[in-house]
Structures are given as structure tokens and as C-alpha cells.
Amino acid sequence: MSLLALAVAACAPSTSAVAPSDNTAAKPLPSASLDADFNLDALVAAAKKEGKLLVYDSSGDIEEVAKAFTAKYGIAMEGVKSDTPQTAEKMTREHAADNVTIDAAMYEDGGVLVGQLIPQGVAQTWVPADLKDQIPADDQNPLLALSKATIFAYNTKLSPGGCPVKNIWDLTEKEWAGKLVMQDPLGKPTVLSFFTQMDAHGGQALEQAYQAKYGKPLETKEKSAAYEWVKRMAANKPVLTGSDEDISAAVGAPSSTDTKIGFMSISKFRNNEEKGYTQSTCSGMVPFAGFSYPKYVAIAGKSKHPNAAKLYVHFIMTEEGVKHEIGEGGISGNSTVKPLVVPEGLTDWQGQLFHTDPKGLLGDLQNRQTVSDFWRVNHG
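Values in this document were obtained by computation on a predicted structure and should not be read as measured data. (Residues numbered from 1 in each chain as written. Predicted model: local features only at pLDDT ≥ 70, side-chain atom pairs only at ≥ 80, totals over all residues. Heavy atoms only, no water.)

Here's the deal with unusual backbone geometry
Next up, step 1: Residue Asn 141 is joined to Pro 142 through a cis peptide bond whose omega torsion reads 5°.
Next up, step 2: Following the sequence through the fold, Pro 142 ends up in the loop between β4 (123-124) and β5 (143-155).
Next up, step 3: Following Val 286, the chain continues to Pro 287 via a peptide bond in cis, the omega torsion being 0°.
Next up, step 4: Phi is positive for Asp 98, close to 55°, though the residue is something other than glycine.
Next up, step 5: With respect to the helices and strands, Asp 98 occurs in the loop between α4 (84-97) and β3 (104-107).
Next up, step 6: Of note, the phi angle at Lys 237 is positive, near 55°, even though the residue is not glycine.
Next up, step 7: Along the chain, Lys 237 falls in the loop between α8 (225-235) and β7 (239-241). (Helix = DSSP H or I, 4+ residues; strand = E, 2+ residues; numbered from the N terminus.)

Some words on the environment of Glu 228
Next up, step 1: Within the element layout of this structure, Glu 228 appears in helix α8.
Next up, step 2: Its relative accessible area of 9% is what places Glu 228 among the buried residues.
Next up, step 3: The sequence separation of Glu 228 and Leu 206 amounts to 22 residues, and the corresponding C-alpha distance is 9.7 Å.
Next up, step 4: Not counting chain neighbours up to four residues away, the residues in contact with Glu 228 comprise Trp 169, Leu 218, Thr 220, Lys 221 and Glu 222. (Buried < 20%, exposed > 50% of the residue type's maximum accessible area, 1.4 Å probe, protein only. Contact = heavy atoms within 4.5 Å.)

Overview of the packing of helix α3 (residues 62-73) against helix α11 (residues 306-316)
Next up, step 1: Where α3 contacts α11, the two axes come as close as 11 Å, and the packing angle between them is 110°. The angle between the axes of α3 and α11 places the two elements in the roughly perpendicular class. Of the residues in α11, those touching α3 at Ile 62, Val 65, Ala 68, Phe 69, Lys 72 and Tyr 73 are Ala 308, Leu 311, Tyr 312, Phe 315 and Ile 316.
Next up, step 2: Residue composition of the contact of α3 with α11, grouped by class: 10 nonpolar, no polar and 1 charged. (Axes fitted to C-alpha atoms, helices over the stretch in contact; angles between N-to-C directions. Parallel < 35°, antiparallel > 145°, perpendicular 65-115°, else oblique. Nonpolar A, V, L, I, M, F, W, Y, C, P; charged D, E, K, R; others polar.)

With respect to the packing of aromatic side chains
Next up, step 1: Scanning all chains against the criterion turns up 19 aromatic pairs.
Next up, step 2: On the basis of an interplanar angle of 50° and a centroid distance of 5.9 Å, the ring pair of Phe 38 and Trp 126 is categorised as tilted. Of this pair, Phe 38 sits in the loop between α1 (2-11) and α2 (40-48) while Trp 126 is found in the loop between β4 and β5, placing the two residues 88 residues apart along the sequence. Here the two residues Phe 38 and Trp 126 agree in accessibility, since each one is buried. (Phe/Tyr/Trp six-rings, centres within 6.5 Å; stacked < 30°, edge-to-face > 60°.)

A closer look at the pairing of strand β8 (residues 261-265)
Next up, step 1: The buried fraction of β8 is high, at 5 of 5 residues.
Next up, step 2: Sheet topology note: the β5/β8 ladder contains 4 bridges and is antiparallel. Counted as the bridge partner of Thr 150 is Ser 265 from β8.
Next up, step 3: Both strand β6 (residues 180-183) and β8 contribute to a ladder of 3 bridges, which runs parallel. By the bridge assignment for β8, Met 182 is matched with Phe 263. (Pairing = 2+ DSSP bridges.)

A look at the confidence of the model for the protein chain
Next up, step 1: Averaged over every residue, the pLDDT of the protein chain is 92; residues scoring 70 or more account for 92%.
Next up, step 2: In the model, residues 1-26 has pLDDT below 50 throughout and makes 41 contacts with residues more than four positions away in sequence or in other chains. (pLDDT = per-residue confidence, 0-100.)

Overview of the side chain of His 379
Next up, step 1: Note on placement: His 379 falls in helix α15 (residues 368-379).
Next up, step 2: On the basis of relative accessibility, which here comes to 16%, the residue His 379 falls in the buried class.
Next up, step 3: Side-chain polar atoms of His 379 contact the backbone oxygen of Pro 238, separated by 3.2 Å.
Next up, step 4: When residues no more than four places from it in sequence are discounted, the contact partners of His 379 are Ala 234, Lys 237, Pro 238 and Leu 240. (Polar contact = N/O pair within 3.5 Å; in protein donor to acceptor, adjacent residues only side chain to side chain.)

With respect to helix α5 (residues 110-117)
Next up, step 1: Within α5, 7 of the 8 residues are buried, leaving the element largely enclosed by the surrounding structure.
Next up, step 2: Taken as a whole, α5 has its buried residues at Gly 110, Gly 111, Val 112, Leu 113, Val 114, Gln 116 and Leu 117.

Concerning the side chain of Thr 150
Next up, step 1: Turning to its location among the elements, Thr 150 is positioned in strand β5.
Next up, step 2: On the basis of relative accessible area, Thr 150 is assigned to the buried category, the value being 6%.
Next up, step 3: Residue contacts for Thr 150: discarding those within four places in its chain leaves Phe 263, Met 264, Ser 265, Gly 290, Phe 291 and Tyr 293.

Brief notes about the nonpolar core
Next up, step 1: Formed by 39 residues in total, the largest nonpolar core has its most connected members in Phe 152, Phe 194, Phe 195, Met 198, Trp 229 and Ile 261.
Next up, step 2: Taken together, the elements giving at least two residues each to this core come down to β5, β6, α6 (189-201), α7 (203-214), α8, β8, β10 (290-300) and α15.
Next up, step 3: When residues of this core are assigned to their parent elements, the largest contribution, 7 residues, is made by α8.
Next up, step 4: Discounting chain neighbours no more than four positions away, the residues touching Phe 195 are Pro 185, Ala 226, Trp 229, Val 230, Met 233, Val 371 and Trp 375. (Core = buried A, V, L, I, M, F, W, Y, C linked by side-chain atoms within 4.5 Å.)

As for the packing of α2 against α11
Next up, step 1: Two elements in contact, α2 and α11, have axes separated by 8 Å at closest approach and are oriented at 130°. When the interaxial angle is binned, α2 and α11 end up oblique. α11 is crossed by α2, and the crossing has left-handed handedness. In contact with Leu 40, Leu 43, Val 44, Ala 46 and Ala 47 of α2, α11 contributes Asn 307, Ala 308, Lys 310, Leu 311 and His 314.
Next up, step 2: Here the contact of α2 with α11 is composed, by residue class, of 7 nonpolar, 2 polar and 1 charged. (Left-handed = near helix turned anticlockwise from the far one by under 90°.)

Shown next as C-alpha cells:
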């Protein structure tokens with residue numbers, strides 16, 4: 001029980017430390033707010049009367065977004081980098097105390113957003129009416145601002161012939177014991193969601209990859225192919241870190257002499273140019289080279305600057321705003337905004353990656369206790 005408590009505490013606001021069980025009935029999300037008589041000029045005028053805007057995000061890119069927002073509208077905006085679990089906890093506490101300082105936030109943890117924050121009124125979805133037709137219906141509640149990716153990467157200098165890992169099951173073999181470097185899933189909700197999403201709709205792809213590697217069907221006593229892969233991969237003792245920067249250094253730094261595979265954000269490919277690293281996506285890896293994960297935008301339910309918060313949402317849903325978030329790779333939630341860069345080795349975003357099903361977000365939260373404890377037990 002103590003292990004379970006630790007796992008849950010790492011990934012959920014402390015005000016709701018126990019996630020719903022698998023048989024908890026899902027409550028429908030409140031409808032996304034949409035101003036039928038929306039007028040951007042009127043929104044700007046109203047926002048300017050409210051004062052400073054505060055937005056939290058898990059990426060430091062929010063600081064550049066804030067500068068661009070202030071330059072465009074003349075409204076002071078502060079962007080604060082904060083891990084998603086800490087942001088969720090702070091917003092929950094502020095809401096309960098009726099002392100809200102955070103006006104809006106970018107969330108990578110869709111499970112907590114749809115399972116806790118929105119139902120509790122801590123956060124709410126607002127969709128800009130003039131952009132509604134540019135946003136796929138499935139991505140409007142909660143509102144998808146952008147998608148990023150975590151990929152398997154290798155050192156091109158140490159492996160000039162291409163990624164030495166061809167199949168995701170390779171990472172469960174002894175030859176790769178201790179050679180996969182990744183963030184600790186217990187502190188990284190997006191990785192836990194990757195596990196639960198694979199369990200929900202990735203089984204066939206994993207089974208086919210197993211058949212391709214071993215020439216026989218997968219046999220497992222676990223609940224799914226995903227759990228079997230997680231079990232074997234965890235038992236193979238991957239090296240756990242607290243940041244993607246550490247993973248990038250371990251894999252691609254000029255001083256690296258030991259071939260390792262990194263499971264890291266595509267944003268770290270900037271180190272190739274800035275630090276002389278030699279790293280690339282395991283582009284031909286079967287059945288996928290990594291996973292894309294959503295980043296949602298929501299407004300605090302009791303924001304003291306609601307119009308400024310809405311204006312921020314409008315801004316981040318345009319190329320002018322989101323370009324600061326996807327400048328190193330990523331896809332806007334606005335279908336008219338084209339990708340700005342192609343990360344090293346990731347030429348087919350749709351085909352090379354495993355993707356989150358927005359209908360499974362609540363399931364991610366409901367199953368988090370189970371997969372967290374499963375990981376901890378098998379990693380030892």
C-alpha cells in the first residue's frame with residue numbers, strides 16, 4: 001500500500017490523491033464554453049481592463065509566448081514553467097481557498113484535466129468561436145492546443161548505420177539491459193499515459209511486432225501485450241532520470257562512448273545545433289518510434305482575469321502564438337497551422353508515432369494507480 005500511495009502522489013494533486021477505480025462511472029464533461037456573439041476586438045478591449053495575466057506551462061517556452069502576447073496586445077503576461085502535477089495541485093488549492101492567481105494553464109496530463117480539474121470546476125474549456133471550424137471536434141473538449149512527442153533516440157556518431165534498435169521488443173533483451181535512458185514514469189504523467197493508452201488500443205501493434213521479431217505469437221499471463229512489454233522493459237533496468245536534458249546528454253553528447261537509447265522529448269534535438277550532439281529518432285523502429293502526447297489549454301474556473309485568459313487561449317490557438325511552443329517540433333491543435341520544423345528522423349508524424357485517443361483520457365486516470373504500482377514492482 002505504501003508503494004501505491006507513493007506512485008499516486010507522484011502523479012495526482014494531493015487534494016485528490018486516490019484516482020477513480022476502473023468501475024467508477026464517468027461523469028460527462030461540462031460543455032465547452034463558446035461565445036456565440038464572439039468579437040475579438042471586444043475581447044481585447046475587455047482584457048486590457050483586467051490587468052496582468054498569469055499562465056503556467058510545463059515548458060519553458062511559455063516565457064517566449066508571454067513576451068509575444070504582451071508585445072501584441074500590450075497586456076502584461078507572466079509565463080511560469082511548472083511540472084503538470086504541481087500546476088494541477090496549485091490550481092486545486094487556489095480554487096478551494098478562493099484565492100486564484102493562475103489564470104490559465106497548459107496541461108500535458110489530460111487524465112487529471114478531464115477526471116478532476118474540469119468536473120470540480122477548477123478549470124474550464126473555452127473554444128474561440130472564430131477558430132472553432134479549424135479545430136477537429138474531438139479536440140475541442142478539452143481544447144487541444146498542440147501535440148508534442150517523446151521518441152526513442154540514438155547517437156548517429158556511435159551508430160552510423162542507423163538506430164541499433166529495430167523493434168520495441170529489442171529493449172526487453174539482455175543486450176539492452178541498462179542501456180535505455182528515460183524519465184522515471186512515476187514523475188512523468190505522459191509516460192504513464194503512454195502505458196495506459198497502449199493497454200487500451202495498442203495491443204495489436206505490439207503483438208504484431210512481437211511476432212515479427214520472434215516468429216511466434218506472444219504468450220502472456222499479464223492483462224495485455226502492453227503490460228507484458230512494460231514488465232519486460234522495466235525488468236531490463238532502464239536508467240531513470242529526472243529530465244530529458246539528462247537523457248539527451250547520456251545519449252548524444254560528444255563525450256559519449258557507450259551506445260545507449262534515449263526515450264526523450266523531440267525538443268532536445270536542439271542540442272545537436274547548440275551543443276554539438278549527434279542524436280536522431282529511431283525512425284524505422286517497429287511498431288512505432290515513440291508517442292505523441294497532447295497539451296491542452298484551460299482557464300481557471302475562478303480566474304480574476306477571465307477575458308485576458310480567453311485572449312490567451314485565442315492567441316495560443318493561432319500560429320502567431322503556438323509557434324513558440326512548436327518551434328522545435330510539434331503539431332498545433334489548429335488544423336490550419338502547418339508544422340514549423342521536422343525533428344531529426346521524424347519525417348512522418350502520423351505514421352511513426354503511437355497516438356493518444358482523447359476518448360481514453362479518463363481511463364488514463366482510472367488506471368494510473370495500477371500501472372504505477374506495476375511499474376514500481378517490476379523495475380524494483
